[in-house]
Every structure is written in structure tokens, then in C-alpha cells.
Amino acid sequence: MSKFWSPFVKNLVPYVPGEQPKLAKLVKLNTNENPYGPSPKALAAMQAELNDNLRLYPDPNSDLLKNAVAKYFGVQSNQVFLGNGSDEVLAHIFHGLLQHDQPLLFPDISYSFYPVYCGLYGIKFDAVPLDEQFQINPADYAKPNGGIIFPNPNAPTGCLLALEAVEQILKANPNSVVVVDEAYIDFGGETAIALVDRYPNLLVTQTLSKSRSLAGLRVGFAVGHPDLIEALERIKNSFNSYPLDRMANAGAAAAFEDREYFDKTCRLVIDNREKVVAQLQEKGFEVLPSAANFIFARHPRHDAAGLAAKLREQGVIVRHFKQERIAQFLRISIGTPEQNQALIDGLGDL
Ligand SMILES: Cc1ncc(COP(=O)(O)O)c(C=O)c1O
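Quantities reported herein were computed from a predicted structural model and do not represent experimental measurements.

A. Quick peek at a nonpolar patch on the surface. Among the surface-exposed residues, Met1, Phe4, Trp5, Phe8, Val9, Leu12 and Leu120 lie close enough to one another that they form a single nonpolar patch of about 740 Å² accessible area. With a relative accessible area of 71%, Phe4 lands in the exposed category.

B. Molecular detail of helix H3 (residues 63–73). Looking at H3, one finds that the buried residues are Leu65, Lys66, Ala68, Val69, Ala70, Tyr72 and Phe73. On its buried face, H3 is in contact with strand S2 (80–83), strand S7 (202–207), strand S8 (220–224), helix H7 (226–236), helix H8 (246–257) and helix H9 (259–282). One or two positions beyond H3, positive phi appears at Gly74, with a value near 65 degrees.

C. Here's a closer look at the pairing of strand S3 (residues 104–107). Two elements, S3 and strand S4 (residues 125–128), share four bridges in a ladder whose sense is parallel. Looking at the pairing, Pro107 lines up with Val128 of S4. Running through helix H5 (residues 113–121), the crossover from S3 to the neighbouring parallel element S4 is right-handed.

D. Focus on the pattern of salt bridges. Within the structure shown, the criterion is met by eleven salt bridges. Residue Lys28 pairs with Glu33 through a salt bridge whose shortest N-O separation is 2.7 Å. Since its relative accessible area comes to 28%, Glu33 is described here as partly exposed. Of the charged contacts in the structure, one is a salt bridge between Asp271 and Arg267, with a shortest N-O distance of 3.2 Å. Of this pair, Asp271 and Arg267 both sit in helix H9, separated by four residues, roughly a single helical turn.

E. Main features of the site of the ligand. Taken together, 14 residues sit near the ligand, with Ser86, Tyr184, Thr207, Ser209 and Arg218 positioned nearest. Separating a nitrogen atom of the ligand from a side-chain N or O atom of Asp181 is a distance of 2.7 Å. At a separation of 2.9 Å, an oxygen atom of the ligand approaches a polar side-chain atom of Lys210. Notes on the ligand: free accessible area 390 Å², of which the protein chains cover 91%.

F. The arrangement of the packing of aromatic side chains in detail. Per the stated rule, a full pass over the model turns up 18 aromatic pairs. Judged by centre distance (4.8 Å) and plane angle (75 degrees), the rings of Tyr72 and Phe73 are edge-to-face. Across this residue pair, the class does not change: Tyr72 and Phe73 are buried. Ring geometry for Phe221 versus Phe256: centroids 5.8 Å apart, planes at 70 degrees, classification edge-to-face. One end of the pair, Phe221, is in strand S8; the other, Phe256, is in helix H8, with 35 residues separating them in the sequence. With respect to burial, Phe221 and Phe256 carry one shared label: buried. The aromatic ring of Tyr72 is capped on one face by Arg212, whose charged end is 4.9 Å from the ring centroid. When the ring centre of Phe262 is taken as reference, the NZ or CZ atom of Arg212 above it lies at 3.9 Å.

G. Examining empty space enclosed by the protein more closely. Taken as a whole and judged by the stated rule, the model has three cavities of 30 Å³ or more. Here the largest cavity is characterised by a volume of approximately 80 Å³. As for the largest cavity, its lining consists of Asp59, Pro60, Asn61, Ser62, Lys66, Leu82, Glu233, Lys236, Tyr242, Pro243 and Leu244. A per-class count over the lining of the largest cavity returns five nonpolar, two polar and four charged.

H. Summary view of the sheet that holds strand S9 (residues 286–287). In space, the three strands of this open sheet follow the order S9-S10-S12, with antiparallel pairing throughout. Whereas interior strands pair on both sides, the edge strands pair on one side only; in this sheet they are S9 and strand S12 (329–333). As judged from the two bridges shared by S9 and strand S10 (residues 294–298), these two strands associate in the antiparallel manner. By the bridge assignment, Glu286 is partnered in S10 with Arg298. Sheet strands touched by H9: S9, S10 and S12. Its angle to S10, the strand with the most contacts, is close to 10 degrees.

Conventions and cut-offs
Residues numbered from 1 in each chain as written. Predicted model: local features only at pLDDT ≥ 70, side-chain atom pairs only at ≥ 80, totals over all residues. Heavy atoms only, no water. Patch = residues over 30% accessible without salt bridge, like charges linked within 9 Å, V, L, I, M, F, W, Y side chains within 5 Å. Areas by Shrake-Rupley, 256 points an atom, 1.4 Å probe, with all protein chains shown as cover. Salt bridge = Lys/Arg side-chain N within 4 Å of Asp/Glu carboxyl O. Buried < 20%, exposed > 50% of the residue type's maximum accessible area, 1.4 Å probe, protein only. Helix = DSSP H or I, 4+ residues; strand = E, 2+ residues; numbered from the N terminus. Contact = heavy atoms within 4.5 Å. Pairing = 2+ DSSP bridges. Right-handed = clockwise from strand over helix to strand, strands pointing away. Near = heavy atom within 4 Å. Polar contact = N/O pair within 3.5 Å; in protein donor to acceptor, adjacent residues only side chain to side chain. Phe/Tyr/Trp six-rings, centres within 6.5 Å; stacked < 30°, edge-to-face > 60°. Lys NZ or Arg CZ within 6 Å of the ring centre and 35° of its normal. 1 Å grid on protein atoms, 1.4 Å probe; cavity = no way out; pocket = protein on both sides within 12 Å on 5 of 7 lines; lining within 4 Å. Points joined across faces, edges and corners; volume = space filled by probe spheres on them. Nonpolar A, V, L, I, M, F, W, Y, C, P; charged D, E, K, R; others polar. Axes fitted to C-alpha atoms, helices over the stretch in contact; angles between N-to-C directions.

So, in C-alpha cells, the structure goes:
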């Protein structure tokens, strides 16, 4: 702390990202990255951007990418908002659409960036408990609120909410913006983007960090009614007019064009996930049903923090959260078959 800090900064509680270790040999199953590389077509498109044009600013509207996303999902380009990772998209959503008198609702076990943005933008919130099975119950969201946000599949549980249940929440809340954070939707869920034309209060966010293996590029987007998108454009153009650089625009657009590679790598991650789940269950773990590229598991007889420490000693890092309700769980990203085997071996004979 310093005397130069504003009172506001002194009270901020920032998000703590998962560790990005500098040691190359670690088996890194802690931040839900994709174990497979990006589409070769995306890499080629980015390489083609490494030229003298880098002296020029990028397209402030990222039209190339906006059109690629709109075409992919069958929406208009004025229904698409782009940002520097979906974290930035979410920040603008919290700032521009979720700051109201009534509290924002989100699950008690959820993406830990949500309360951080509430702190940053002065938003009151009400954490709605997941049920006993760690599921979202739509009926719990039928109460006065200034907005609703939840990840689907949820993080860190991996549990999917069926599209009908998402629709139930939308129907019960016609006067609130409902944000469905679909960072992990491509690993087993059905996107709510199909509903945006029927629900002007629905905003769906996605990222290229997970299913399109581009976490290092930082590209995310939101799809919704043009009025919601316009609010986000206003915030963006009051904050940073060029959030996506030339490489990001070209690489992300090419990634959307390469459907074959996307389908193949998503399928591999899903198959690997099912194998890891079976192996962990054999060791006595309880694994929540996952539709994501990670799983959330606990062992009835072994302390989660102890298991995480033991794995670390074997060079395998997984994520452990200290939050009381989930303190006995480990969140484990799905890796390549070799990485997953290192996890199973590292756990040893339980
Ligand atoms: C639920 C959820 N939403 C959003 C994000 C942000 O992703 P990015 O900023 O890489 O697009 C993450 C990242 O892990 C996440 O878990």
C-alpha cells in the first residue's frame, strides 16, 4: 500500500488467476487451457499478419472477426460484441448492464471473477446457493434482481444446465439482463445463442481460450440483442477503441473458419475426459457430471489440499479452492492422454 493509492484502490479485492508456472516440465492441469494447439489455419493467418502493417492501428470494429462470428452462429454482426478475452467482455457487461439498484444474482459456487467485478463497479450481489447436487435450480432465480449471470456449464463444477432450464430463467426475468457465460459450452452443451432472437434480455458470452485453443491470444465475445450490444460498444469506445490487435482479429477469424479442426479437438478432449472420469471413479473419487474441459472431483477419504500438494510433488498441478463448500474438491483440467496418465500415476494407490 502507498500514500498515493486512492481509497477505492485500497479496498479492491482483485481476482487471483491460476498459477502460470515458469517450469516447462510441469503437467499443467490447473487453468482449463486446451491441451491441443490452435488450428494450423489460425496460426498461418496470424503469421501472415506479421508484417509492416503492424505500424498501423487495427480495425477498431474488428469487422472481419465480427462477420465470422455472426456467420458461424447465424446472427447479424450488430448482435456481436468482441473483447480482449471474455474477461474483458464480462467487465464491460458488469459495468454497462448489471449495475442497478437491485442485487445481481449468481450461484454461490461460480466463476470467482464475478464478485471481483462487483467490487470494481460497485454492484450489490446476492450469491444463490447451488442445490445439494451442486446444480443450479432455475426456480431460485425467480426473485427481484438487477441482473443474473451464471456460467454454463458452471465453473468450477463443470455441471451443465439444460437449455430449457436457461429458458425458464429468461421467462421468469423479462425485466433483467440474463448473462449466460458459455466459456466451456463446446465440450458438451448446447449454446443459448439460439435463443437471442426471442429474448431481448439475453446476452451469451463465449471465448476462444478453451475450445479454440487460443487462451494466449485473448479473444472473447458476446451475442445478444443489438440494444445490449450497443451499450457494450459505448463502454468499449470510452475505454479502449482497439482491444483486439491485428493478429487477434486475423487468427480468431481463421479459427472460426476451421470447423473440422475445432470438431476434432473438442471430440478428443471429451473422449479424454470420459476416460479420466472412469479412472478417477475407480480410485474412489466422486466426480460431478462434467460438460466442460475440466472435472470437479473429491475423494471421501483424502483431503483435497493434501492431494493437490502430493500431485505437485510429482510435477502435476491442479486447482484447489479454499471456499468452504468446495474445499474438499479438486478442479482438474483435461489434458492429453499422456498428461492425464501422469495425473492418475501421481495420485498413486489411494
Ligand atoms: C467461467 C469463465 N468465464 C470466463 C472466463 C474467461 O476466459 P477468457 O478471458 O480467457 O476469455 C473463464 C476463464 O477461465 C471462465 O472460467
